[in-house]
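Inside the fold
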Amino acid sequence: MNTASHDTVRALEWRDEGLYLLDQRLLPGQEQYVCCTDAAAVAQAITDMVVRGAPAIGVAAGYGAALAGAAAWRTHGAGWQAGMAEDMDTLRRSRPTAVNLAWALARMETCASRLPEDEDPASALLAEAHAIHAEDVAANQRMGRSGAGLIQPGSGVLTHCNTGSLATGGLGTALGVIRTAWADGRIERVFADETRPWLQGARLTAWELAADGIPVELLADGAAAALMRTGQVHWAIVGADRIAANGDVANKIGTYAVALAARQHGVRFMVVAPTSTIDPETATGEQIPIETRDAREVLYAGGQRVAPKAEGVGAWNPVFDVTPAELVDVIVTERGVVHQPDADGMARLLEGAG
Ligand code: MRU
């Protein structure tokens, strides 16, 4: 049994002054917090990737909505419910793919709609945002435990992007499983794709694992298939930004390639996500909106231009892709696991039959 601390990093923290976010654009070089005191600042922080990762975006949006309600009461008094609508739209538009954002905002709106019009909603909305945060922490723990139980002792695992404490309220999703399985002594080696272009794997996952004393070997994304061919990886374990009703999974660009290579090489493919990431309104992955970001994220690396500055040199930069459900061996959620996911299995999970 390993005795590392396994969970030492916090991406978001509510304090009296507002929402403190660890600025993930600066990691691993600098640990600096940004304090957001209004909803617009939270939305901008989400768009700019100060905070990122589907569950963390949802938690941040919850606090953003609480700030919106408090500001609307100060400005509009009894008209606060209508008064917060614009801020809610700004938050909703901050990033398109992770459904946890819309899920958290819908939950905050339901909470707001049940509050009296003539009372300051600040403390009730803040309590709801804290509940979303606390539930994510608890979901991480449950997923960590059930996902780890699927991993045979002596396994090698490969992960993609960052799905740890920086991407959630707590232990992480895929990285929560890896942390738990490592603590159980089930995992022998952890491999992490560097995750171009934003380098979530190299900058964030390696930083989190190092803080917990868990050794990690980074690889260029293009090396994943070759690694799997060597037989050193038994599970590819990833998170998700949105899971469609049929089990198709949107996650960080490159995940689909990992899933294809995993199937080819007999490596099992696990997706770990809270049920707030499942979108029953989206029938298949085809309908999931995929965010495209600035071409400069690809044309530059570490602030230096790596592509020639020449006419006709551009970039295609979708930041998520969709892995079809048939390539997924198991989806692990806090409410149970779905093996070989399809529409029936996902519906049973959401109905509570797991
Ligand atoms: O663009 P990002 O860094 O927000 O993308 C994050 C991912 O794709 C993660 O894998 C996903 O949100 C799951 S995090 C628990």
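Before any of the text, the structure's been laid out above.
Since this is a predicted model, take the numbers as computed values, not measurements. Per chain, residue numbering runs from 1 following the sequence as it is written. For this predicted model, a pLDDT threshold of at least 70 governs which residues receive local features, and a threshold of 80 or more governs which side-chain atom pairs are given and counted, while totals over whole chains, interfaces and linings are taken from all residues. Side-chain numbers here rest on the full set of heavy atoms in the structure, without hydrogens or water.

**Observations concerning the sheet that holds strand S1 (residues 12–15)**
- Pairing between strands is defined by DSSP: at least two bridges between them are needed. Secondary structure follows DSSP: runs of H or I at least 4 residues long count as helices, runs of E at least 2 residues long count as strands, and numbering of each begins at the N terminus. Taken in spatial order, the three strands make up an open sheet running S1-S2-S3, and their pairing is antiparallel. A strand with exactly one partner marks an edge of an open sheet, and here the two such strands are S1 and strand S3 (33–36). This sheet shows a mean twist of 25 degrees between the axes of neighbouring strands, independent of strand direction.
- Bridging between strand S2 (residues 18–22) and S3 involves four bridges; their strand directions are antiparallel. Paired with Leu21 across the two strands is Val34, which belongs to S3. For helices, the axis comes from a line fit to the C-alpha atoms of the stretch in contact; other axes are also lines fit to C-alpha atoms, and the angle between any two N-to-C directions lies between 0 and 180 degrees.

**Observations regarding the site of the ligand**
- In the neighbourhood of the ligand, 19 residues make up the surrounding shell, with Arg52, Arg95, Asp241, Asn251 and Lys252 lying closest.
- The definition of a polar contact used here is a pair of N or O atoms within 3.5 Å, where within protein one atom must be able to donate a hydrogen and the other to accept one, and adjacent residues in sequence count solely through side-chain atom pairs. Within the contact set of the ligand, an oxygen atom lies 3.0 Å away from a backbone nitrogen or oxygen of Gly53.
- Protein coverage of the free-state accessible area of the ligand, which is 420 Å², stands at 100%.
- Breaking the shell around the ligand down by element, the ones donating at least two residues are helix H2 (54–76) and strand S9 (249–252).
- For this scheme, ten residues count as nonpolar: Ala, Val, Leu, Ile, Met, Phe, Trp, Tyr, Cys and Pro. Four count as charged, namely Asp, Glu, Lys and Arg, and the remainder, Gly too, count as polar. Taken together, the residues that form the shell around the ligand break down as seven nonpolar, eight polar and four charged.
- Taken domain by domain, the shell around the ligand gets at least three of its residues from each of domain 1 (4–139) and domain 2 (145–350). By convention in these notes, a residue is near a molecule or strand provided one of its non-hydrogen atoms lies within 4 Å of it. With residues, only the protein chains shown are counted as cover, and all accessible areas are computed by Shrake-Rupley using a 1.4 Å probe. An automatic or database domain assignment provides the domain bounds reported here.

**With respect to the nonpolar core**
- Among the nonpolar cores identified, the biggest contains 40 residues, and Leu12, Leu19, Leu21, Val42, Met84, Met108 and Leu125 are the most heavily contacted of them.
- Considering every element that reaches this core, the biggest residue donor is H2, with twelve residues.
- Any two residues whose heavy atoms approach within 4.5 Å are treated as being in contact. Dropping the residues within four chain positions of it, Val42 is found in contact with Leu19, Cys36, Ala60, Gly64, Leu67 and Leu91. To qualify as a nonpolar core, a set must consist of buried Ala, Val, Leu, Ile, Met, Phe, Trp, Tyr and Cys residues joined through side-chain atoms within 4.5 Å. Buried residues are those whose accessible area, probed at 1.4 Å on protein chains only, stays under 20% of the maximum for their type, while exposed residues exceed 50% and partly exposed ones sit between those limits.

**Examining the side chain of Thr255**
- One can find Thr255 in helix H10 (residues 255–264).
- Owing to a relative accessible area of 1%, Thr255 belongs among the buried residues under this scheme.
- Not counting residues within four places of it along the chain, the set of residues in contact with Thr255 comprises His160, Val238, Phe269, Asp321 and Thr323.

**A closer look at a negative patch on the surface**
- Exposure above 30% relative accessible area and the lack of any salt bridge qualify a residue for a patch; like charges then connect within 9 Å, and the nonpolar side chains Val, Leu, Ile, Met, Phe, Trp and Tyr within 5 Å. When a carboxyl oxygen of Asp or Glu is within 4 Å of a side-chain nitrogen of Lys or Arg, the pair counts as a salt bridge. When charges are counted, neither His nor the chain ends are considered; positive counts come from Lys and Arg and negative counts from Asp and Glu. The location of each charge is read from NZ of Lys, CZ of Arg, CG of Asp or CD of Glu. Residues Glu117, Asp118, Glu119 and Asp120 make up a contiguous surface patch of negative charge.
- When you line up the elements, Glu117 lands in the loop between helix H5 (99–113) and helix H6 (122–148).
- In this structure Glu117 comes out as partly exposed when scored by relative accessible area, which is 48%.

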